[in-house]
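Secondary and tertiary structure notes
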Amino acid sequence: MALPQRRPPRRVVEEPYRINERIQAREVRVVGENVEQGIFGIQQALAIAKAQSLDLVEISPNATPPVCRVIDYSKFKYEQKKKQKEIKSNAQKVVIKEIRFGPNTDDHDFEFKLKHALTFLKEGAKVKAYVHFVGRSIVFKDRGLQILERFSKGLEEVGKIEQEPKLEGKRMIMFLAPKAVQVKK
């Protein structure tokens, strides 16, 4: 005997704005294009919207009386999504580049890594520089500190220290951020 299949409950998508009959206020301030602006009873405001075959959308529910706009709701939702997408695309993404040293890093290697960090900071990325201690090399914490301090001094023209050198487990870590770009007049 087979058991009846259970369907998952339907998800009702909550609309961010109240529209038409869902507006609960008695009086509303009506705004919009080709509409007489003013304070109307809810039935009169709905009639104005229906006359233009548009929707009455509650824009500002906390105002006294609530502000409603006469617009095409699907077009309004599309424009809101478009705005959100644009805001998201304009947000800057923070890039963190890592540079690894050993406690016995040679001068040539150090200079090479310093040049790379310089280009990273000029491009606007943050730099995470760390000295990785392997095995017994943890005894040379002071060497790691000297390397990171020398590294920050070499980059002080283009970057500033965001986090001082700090020992976390087998790594001594320091963060550098690019200095604010100055606009030349």
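You'll find the protein chain entered in an unreviewed UniProt entry as Translation initiation factor IF-3, with Fibrella forsythiae given as the organism. Of the comments in the UniProt record for the protein chain, the one headed Function (unreviewed entry) reads "IF-3 binds to the 30S ribosomal subunit and shifts the equilibrium between 70S ribosomes and their 50S and 30S subunits in favor of the free subunits, thus enhancing the availability of 30S subunits on which protein synthesis initiation begins." According to its UniProt record, the protein chain has this under Sequence similarities (unreviewed entry): "Belongs to the IF-3 family."

A closer look at the packing of aromatic side chains
For any two aromatic rings, the description comes down to two numbers: the centre-to-centre distance and the angle of the planes. Summed over all chains, the structure comprises five aromatic pairs. Between Phe101 and Phe151, the ring centres sit 5.2 Å apart and the planes meet at 70°, which makes this aromatic pair edge-to-face. Separated by 50 residues along the polypeptide, Phe101 in strand β5 (residues 96-101) and Phe151 in helix α4 (residues 141-154) bring together distant segments of the chain. Both residues of the pair, Phe101 and Phe151, count as buried. Clustering of aromatic rings is evident, with ring pairs tying together Tyr17, Tyr73 and Phe76. Its guanidinium or amino end placed over the ring of Phe140, Arg143 lies 4.3 Å from that ring's centre, counting from NZ or CZ. Positioned above the aromatic ring of Phe110, the side-chain terminus of Arg150 is 3.8 Å from the ring centre.

Parameters at a glance
- Residues numbered from 1 in each chain as written.
- Predicted model: local features only at pLDDT ≥ 70, side-chain atom pairs only at ≥ 80, totals over all residues.
- Heavy atoms only, no water.
- UniProt positions renumbered as here; feature names shortened; annotations may be inferred.
- Phe/Tyr/Trp six-rings, centres within 6.5 Å; stacked < 30°, edge-to-face > 60°.
- Helix = DSSP H or I, 4+ residues; strand = E, 2+ residues; numbered from the N terminus.
- Buried < 20%, exposed > 50% of the residue type's maximum accessible area, 1.4 Å probe, protein only.
- Lys NZ or Arg CZ within 6 Å of the ring centre and 35° of its normal.

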